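Observations on the three-dimensional arrangement
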Amino acid sequence: MRKEIITAVIASTVLLSFASCSGAPAESSESAAESTIDMVQAINDLDEYVGSFPVAFRGDSDEYPDQNIIYDFTGDGYDDIMTDIQHGSGYVVVTIVLYDVANETFYTLGEMDHSYTIESFEDGRVTVEELIYPDQSTMGTVEFVDDELVFVAED
(Lines give C-alpha, C1' and ligand atoms only; values in the text may rest on other atoms or scores of the structure.)
Protein backbone atom coordinates (compact mmCIF):
# COMPACT_ATOMS: atom_id res chain seq x y z
CA MET A 1 0.00 0.00 0.00
CA ARG A 2 2.83 2.42 0.90
CA LYS A 3 4.49 1.78 -2.48
CA GLU A 4 1.24 2.65 -4.29
CA ILE A 5 0.94 5.97 -2.40
CA ILE A 6 4.52 6.93 -3.20
CA THR A 7 3.98 6.04 -6.86
CA ALA A 8 0.78 8.14 -6.98
CA VAL A 9 2.55 11.14 -5.43
CA ILE A 10 5.43 10.90 -7.89
CA ALA A 11 3.05 10.55 -10.85
CA SER A 12 0.96 13.56 -9.80
CA THR A 13 4.10 15.64 -9.28
CA VAL A 14 5.31 14.81 -12.78
CA LEU A 15 1.90 15.64 -14.29
CA LEU A 16 1.74 18.96 -12.44
CA SER A 17 5.22 19.90 -13.61
CA PHE A 18 4.17 19.30 -17.23
CA ALA A 19 1.04 21.41 -16.75
CA SER A 20 3.04 24.31 -15.31
CA CYS A 21 5.35 24.28 -18.34
CA SER A 22 2.56 24.86 -20.86
CA GLY A 23 1.48 28.27 -22.13
CA ALA A 24 3.51 31.41 -22.77
CA PRO A 25 7.19 31.36 -21.93
CA ALA A 26 7.92 32.58 -18.43
CA GLU A 27 9.86 35.79 -17.86
CA SER A 28 13.37 35.13 -16.60
CA SER A 29 13.68 35.48 -12.83
CA GLU A 30 16.38 38.13 -13.21
CA SER A 31 14.28 40.42 -15.39
CA ALA A 32 11.20 39.80 -13.23
CA ALA A 33 13.15 40.87 -10.15
CA GLU A 34 14.40 43.96 -11.96
CA SER A 35 10.94 45.03 -13.05
CA THR A 36 9.09 44.55 -9.76
CA ILE A 37 10.20 45.64 -6.34
CA ASP A 38 7.85 44.78 -3.51
CA MET A 39 7.59 48.11 -1.67
CA VAL A 40 5.37 46.62 1.03
CA GLN A 41 8.14 44.14 1.86
CA ALA A 42 10.70 46.94 1.59
CA ILE A 43 8.81 48.98 4.20
CA ASN A 44 8.73 45.91 6.44
CA ASP A 45 12.50 45.55 5.95
CA LEU A 46 12.92 49.22 6.84
CA ASP A 47 10.79 48.77 9.99
CA GLU A 48 12.94 45.80 10.99
CA TYR A 49 16.10 47.86 10.48
CA VAL A 50 14.68 50.75 12.52
CA GLY A 51 13.89 48.23 15.25
CA SER A 52 17.62 47.51 15.57
CA PHE A 53 18.14 51.00 17.06
CA PRO A 54 17.55 51.34 20.82
CA VAL A 55 14.10 52.73 21.67
CA ALA A 56 13.42 53.80 18.09
CA PHE A 57 10.38 55.01 16.21
CA ARG A 58 9.83 56.77 12.94
CA GLY A 59 8.93 60.45 12.93
CA ASP A 60 5.94 61.80 11.14
CA SER A 61 4.53 65.08 9.96
CA ASP A 62 1.31 66.38 8.48
CA GLU A 63 2.82 66.20 5.00
CA TYR A 64 4.26 62.68 5.41
CA PRO A 65 2.17 60.85 8.01
CA ASP A 66 4.20 57.64 7.70
CA GLN A 67 7.41 59.49 6.83
CA ASN A 68 8.15 57.16 3.92
CA ILE A 69 9.49 59.29 1.11
CA ILE A 70 9.72 57.08 -1.97
CA TYR A 71 12.02 58.41 -4.67
CA ASP A 72 15.15 57.34 -6.57
CA PHE A 73 17.67 59.06 -4.27
CA THR A 74 20.57 56.79 -5.28
CA GLY A 75 20.13 57.40 -9.03
CA ASP A 76 20.09 53.69 -9.91
CA GLY A 77 16.70 53.81 -11.63
CA TYR A 78 14.81 52.18 -8.74
CA ASP A 79 12.80 53.79 -5.96
CA ASP A 80 14.40 54.07 -2.53
CA ILE A 81 12.75 54.86 0.80
CA MET A 82 13.86 57.70 3.08
CA THR A 83 12.60 58.37 6.59
CA ASP A 84 13.80 59.88 9.83
CA ILE A 85 13.80 58.05 13.13
CA GLN A 86 14.08 59.14 16.73
CA HIS A 87 16.09 56.79 18.88
CA GLY A 88 17.79 56.61 22.20
CA SER A 89 16.81 56.74 25.82
CA GLY A 90 17.50 59.89 27.78
CA TYR A 91 19.58 61.39 24.99
CA VAL A 92 17.41 61.26 21.87
CA VAL A 93 18.94 61.51 18.40
CA VAL A 94 17.07 61.95 15.12
CA THR A 95 18.71 60.06 12.26
CA ILE A 96 17.80 59.99 8.59
CA VAL A 97 17.70 56.51 7.08
CA LEU A 98 17.83 55.82 3.35
CA TYR A 99 16.96 52.31 2.23
CA ASP A 100 18.27 51.42 -1.23
CA VAL A 101 15.65 48.76 -1.88
CA ALA A 102 17.14 47.35 -5.10
CA ASN A 103 20.52 46.75 -3.44
CA GLU A 104 19.11 46.02 0.05
CA THR A 105 21.46 48.60 1.61
CA PHE A 106 20.80 51.10 4.40
CA TYR A 107 22.49 54.49 4.71
CA THR A 108 22.20 56.78 7.75
CA LEU A 109 22.89 60.39 8.62
CA GLY A 110 23.01 61.36 12.28
CA GLU A 111 25.23 60.89 15.31
CA MET A 112 25.25 61.60 19.04
CA ASP A 113 25.50 65.39 18.82
CA HIS A 114 24.01 65.92 15.33
CA SER A 115 20.34 65.21 14.62
CA TYR A 116 18.63 65.61 11.26
CA THR A 117 14.87 66.03 10.94
CA ILE A 118 13.13 65.91 7.56
CA GLU A 119 11.16 69.11 7.07
CA SER A 120 9.95 68.70 3.49
CA PHE A 121 10.41 66.90 0.20
CA GLU A 122 9.76 68.54 -3.15
CA ASP A 123 11.02 67.77 -6.66
CA GLY A 124 13.66 65.33 -5.43
CA ARG A 125 14.96 67.74 -2.81
CA VAL A 126 14.89 66.75 0.86
CA THR A 127 15.03 69.77 3.17
CA VAL A 128 16.16 69.03 6.71
CA GLU A 129 16.97 70.78 9.92
CA GLU A 130 20.31 69.92 11.45
CA LEU A 131 20.36 70.21 15.24
CA ILE A 132 23.77 70.31 16.88
CA TYR A 133 23.75 69.74 20.61
CA PRO A 134 23.07 71.74 22.69
CA ASP A 135 21.46 74.62 20.79
CA GLN A 136 22.65 75.16 17.20
CA SER A 137 20.27 74.75 14.29
CA THR A 138 20.92 74.91 10.54
CA MET A 139 18.63 74.33 7.57
CA GLY A 140 19.89 72.50 4.51
CA THR A 141 19.37 69.52 2.25
CA VAL A 142 20.41 65.89 2.23
CA GLU A 143 22.11 64.49 -0.84
CA PHE A 144 23.34 61.02 -1.78
CA VAL A 145 27.00 61.43 -2.80
CA ASP A 146 29.59 58.66 -3.27
CA ASP A 147 27.46 56.03 -1.50
CA GLU A 148 26.67 58.12 1.57
CA LEU A 149 24.16 60.65 2.83
CA VAL A 150 25.58 64.16 3.10
CA PHE A 151 24.10 67.24 4.75
CA VAL A 152 24.53 70.43 2.70
CA ALA A 153 23.88 73.61 4.70
CA GLU A 154 21.98 76.44 3.01
CA ASP A 155 23.95 79.63 2.45
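Our structure is the block above this text.
First things first, this report covers the structure right here in the doc. Treat the numbers as computed from the prediction; the structure is a model and nothing was measured. (Residues numbered from 1 in each chain as written. Predicted model: local features only at pLDDT ≥ 70, side-chain atom pairs only at ≥ 80, totals over all residues. Heavy atoms only, no water.)

Notes on the nonpolar core
- Formed by 15 residues in total, the largest nonpolar core has its most connected members in Met82, Ile96, Val128 and Leu149.
- Of all elements in the fold, only β4 (93-100), β5 (105-109), β6 (114-122), β7 (125-132) and β9 (148-153) reach the threshold of two or more residues within this core.
- In terms of residue count, the dominant contributor to this core is β6 (3 residues).
- Residue contacts for Val128: discarding those within four places in its chain leaves Ile96, Tyr116, Thr117, Ile118, Glu119, Thr138, Met139, Gly140, Thr141, Val142 and Phe151.
- Listed in part, the 10 residues of the second largest apolar core include Ile43, Val50, Val97 and Tyr99. (Core = buried A, V, L, I, M, F, W, Y, C linked by side-chain atoms within 4.5 Å. Buried < 20%, exposed > 50% of the residue type's maximum accessible area, 1.4 Å probe, protein only. Helix = DSSP H or I, 4+ residues; strand = E, 2+ residues; numbered from the N terminus. Contact = heavy atoms within 4.5 Å.)

What about the sheet that holds β9?
- Pairing is antiparallel in the open sheet, where 4 strands are placed in the order β6-β7-β8-β9. Pairing within the sheet leaves two strands with one partner each, and these edge strands are β6 and β9. When strand polarity is set aside, the average angle formed by the axes of neighbouring strands in this sheet is 35°.
- Pairing of strand β8 (residues 136-145) with β9 involves 6 bridges; the strand directions are antiparallel. Directly across from Thr141, in β9, lies its bridge partner Val152. (Pairing = 2+ DSSP bridges. Axes fitted to C-alpha atoms, helices over the stretch in contact; angles between N-to-C directions.)

Some thoughts on the pattern of salt bridges
- Enumeration according to the criterion identifies 2 salt bridges in this entry.
- For Asp47, the salt bridge is made with Arg58, and the minimal N-O distance between the two is 2.1 Å. Of this pair, Asp47 sits in helix α3 (residues 39-50) while Arg58 sits in strand β1 (residues 57-58), and the two are 11 residues apart along the sequence.
- A relative accessible area of 36% places Asp47 in the partly exposed class. (Salt bridge = Lys/Arg side-chain N within 4 Å of Asp/Glu carboxyl O.)

So, the environment of Gly124
- Turning to its location among the elements, Gly124 is positioned in the loop between β6 and β7.
- The class of Gly124 is partly exposed, set by a relative accessible area of 27%.

Brief notes about the packing of aromatic side chains
- Considering all chains together, one arrives at 9 aromatic pairs under this definition.
- Plain terms: the ring middles of Tyr71 and Phe73 are 5.2 Å apart, the flat faces sit at 65° to each other, and that makes the pair edge-to-face.
- On the basis of relative accessibility, which here comes to 14%, the residue Phe73 falls in the buried class.
- An aromatic cluster of three or more residues is present, and its members are Tyr49, Phe53, Tyr99 and Phe106. (Phe/Tyr/Trp six-rings, centres within 6.5 Å; stacked < 30°, edge-to-face > 60°.)

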